[in-house]
Amino acid sequence: GLAIVKRLVDAMQGSITVTSVVGEGSQFTLTLPLDLARPTKSKASKYKADLLSGRRVLLVDDDPMMLLAGSNLLQRAGAEVSLASTAEDTLTACRDAVPDALVLDLNMPGVDVPELVRTIRDMPTLGQRPIIAFSASMTAERASDCRDMGFDAAIQKDADLPATLASVLPAA
């Protein structure tokens with residue numbers, strides 16, 4: 001979990017510190033820039049701004065921090081990102097503006113993920129658009145199960161999301 005947090009904090013150009021007192025516990029402090037509305041140039045940005053240029057990506061997660069971090073990464077790579085946090089919002093977003101690809105969290109409370117994937121796959125406007133499973137606890141077995149559910153790829157949340165999307169999207 002801490003490795004994922006560190007990667008997210010770095011992606012958002014923030015910092016994380018820890019203080020610990022034996023017998024009392026640990027305190028983690030997360031500091032993020034407040035000016036998130038304006039894009040900034042990062043010396044550490046490893047994505048070409050055109051890697052996903054013009055691609056519409058729907059990012060689905062119930063965790064607001066994951067939505068923020070994921071959208072930041074995808075936007076840096078040039079993607080146009082829409083966000084959803086429920087199954088209903090996901091289906092509405094798919095109908096309103098057909099995405100080129102979807103990134104779907106596997107662990108959302110109250111969401112039957114296999115059913116949601118089937119519903120998306122049955123939508124005529126989506127055809128066979130790539131759907132990527134996104135999880136904090138991805139194993140090889142779980143990735144195989146995801147492919148059986150209809151996902152095109154399955155990755156750990158701290159993996160290279162823009163590169164994975166670029167690899168499953170057809171050439172523009």
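Every residue gets a number counted from 1 within its own chain, in the order that chain's sequence is written. Note on the predicted model: pLDDT of at least 70 is required for a residue's local features to be given, and 80 or more for side-chain atom pairs to be given and counted; whole-chain, interface and lining totals, by contrast, use all residues. Where side-chain values are given, they derive from all heavy atoms of the structure, hydrogens and water being excluded.

*Asks:* Explain the pairing of strand 1 (residues 15–21) here, please?
*Replies:* Regular strands place their side chains on alternate faces of the sheet. Across seven bridges, the pairing between strand 1 and strand 2 (residues 25–31) is antiparallel. Residue pairing across strands places Val-21 opposite Gly-25, the latter belonging to strand 2. Where strand 1 folds back onto strand 2 in an antiparallel hairpin, the turn is made up of three residues, including Gly-23, whose phi is positive at roughly 85°. Pairs of strands are assigned from DSSP output, requiring at least two bridges between the strands. Secondary structure is summarised from DSSP: a helix means a run of H or I of at least four residues, a strand means a run of E of at least two, and numbering begins at the N terminus for each.

*Asks:* Just checking my understanding: could you explain the nonpolar core for this structure?
*Replies:* When a protein is soluble and globular, its nonpolar side chains tend to lie buried together. For our purposes a nonpolar core is just a set of buried Ala, Val, Leu, Ile, Met, Phe, Trp, Tyr and Cys residues, chained together by side-chain atoms within 4.5 Å. Each residue gets one of three labels from its accessible area relative to the maximum for its type: buried under 20%, exposed over 50%, partly exposed in between, using a 1.4 Å probe on protein chains only. In terms of nonpolar packing, the biggest core is built from 24 residues, with Leu-104 and Phe-151 touching the most fellow members. Where this core is concerned, the elements lending two or more residues are strand 3 (56–60), helix 3 (87–96), strand 5 (101–105), helix 4 (113–121), strand 6 (131–135) and helix 5 (140–149). Ranked by the residues each element gives to this core, the list is headed by helix 4, at four residues. Throughout, a contact is declared for two residues whenever any of their heavy atoms are within 4.5 Å. The contact partners of Phe-151, leaving out residues within four places of it in the chain, are Leu-104, Leu-106, Val-113, Val-117, Arg-121, Ile-131, Ile-132, Ala-133 and Cys-146. Membership of the second largest hydrophobic core comes to 22 residues, among which are Met-66, Ala-79, Ala-101 and Ile-132.

*Asks:* What am I meant to see in the environment of Thr-90 here?
*Replies:* As for its position among the elements, Thr-90 is in helix 3. A relative accessible area of 0% places Thr-90 in the buried class. Placed 12 residues apart in sequence, Thr-90 and Leu-102 show a C-alpha to C-alpha distance of 9.3 Å. If we skip the residues at most four places from it in the chain, Thr-90 touches Leu-58, Val-60, Ala-84, Leu-102, Leu-116 and Ile-120.

*Asks:* Even after reading the chapter, I still don't get the environment of Glu-88, so can you show me in this structure?
*Replies:* Structurally, Glu-88 can be placed in helix 3. A C-alpha to C-alpha distance of 9.3 Å links Glu-88 and Leu-116, two positions 28 residues apart in sequence.

*Asks:* Would you take a moment to explain the pattern of salt bridges for this structure?
*Replies:* Any two side chains of opposite charge can pair, so long as their charged atoms come close to each other. Within this document, salt bridges are pairs made up of a side-chain nitrogen of Lys or Arg and a carboxyl oxygen of Asp or Glu, the two lying within 4 Å of each other. All chains considered together, the criterion is met by seven salt bridges. One salt bridge in this structure joins Arg-56 and Asp-100, with 3.5 Å as the shortest N-O distance. Here Arg-56, found in strand 3, pairs with Asp-100, found in the loop between helix 3 and strand 5; they are 44 residues apart in sequence, far enough to count as distant. By relative accessible area, which is 13% here, Asp-100 ends up buried. In this structure, the salt-bridge partner of Asp-100 is Arg-129, at a minimum N-O distance of 3.3 Å. Of the two residues, Asp-100 sits in the loop between helix 3 and strand 5 while Arg-129 sits in the loop between helix 4 and strand 6, which places them 29 residues apart along the sequence. Each member of the salt-bridge network shares a partner with another, and the members are Arg-56, Asp-100 and Arg-129.

*Asks:* How do you make sense of empty space enclosed by the protein when you look at a structure like this?
*Replies:* Rolled over the atoms, a probe as big as a water molecule pinpoints where empty space is left. Note on definitions: the grid is 1 Å and covers protein atoms alone; a cavity is a set of points where a 1.4 Å probe fits but cannot get out; a pocket is an open set with protein on both sides within 12 Å along at least five of seven lines; lining residues have an atom within 4 Å of a point. Grid points are joined across faces, edges and corners, and a volume is the space filled by probe spheres set on the points. According to the stated counting rule, one finds two cavities of 30 Å³ or more in the structure shown. By volume, the largest cavity is sized at about 50 Å³. Around the largest cavity sit Ile-4, Arg-7, Leu-8, Ala-11, Met-66, Leu-73, Lys-157, Asp-158 and Ala-159, which together line it. Secondary-structure elements contributing two or more residues to the lining of the largest cavity are helix 1 (2–11) and helix 2 (64–76). If one sorts the elements of the lining of the largest cavity by residue count, helix 1 sits on top with four residues. The residue inventory of the lining of the largest cavity, partitioned by class, reads six nonpolar, no polar and three charged. Each pocket or cavity is described by its volume, and for the second largest cavity that value is around 40 Å³. Lining the second largest cavity are Leu-8, Met-66, Gly-70, Leu-73, Phe-134, Lys-157, Ala-159 and Leu-161. With three residues, helix 2 is the single largest residue contributor to the lining of the second largest cavity. Gly falls in the polar group here, along with every residue not listed as nonpolar (Ala, Val, Leu, Ile, Met, Phe, Trp, Tyr, Cys, Pro) or charged (Asp, Glu, Lys, Arg).

As far as function goes, none of this settles anything; it's purely spatial.
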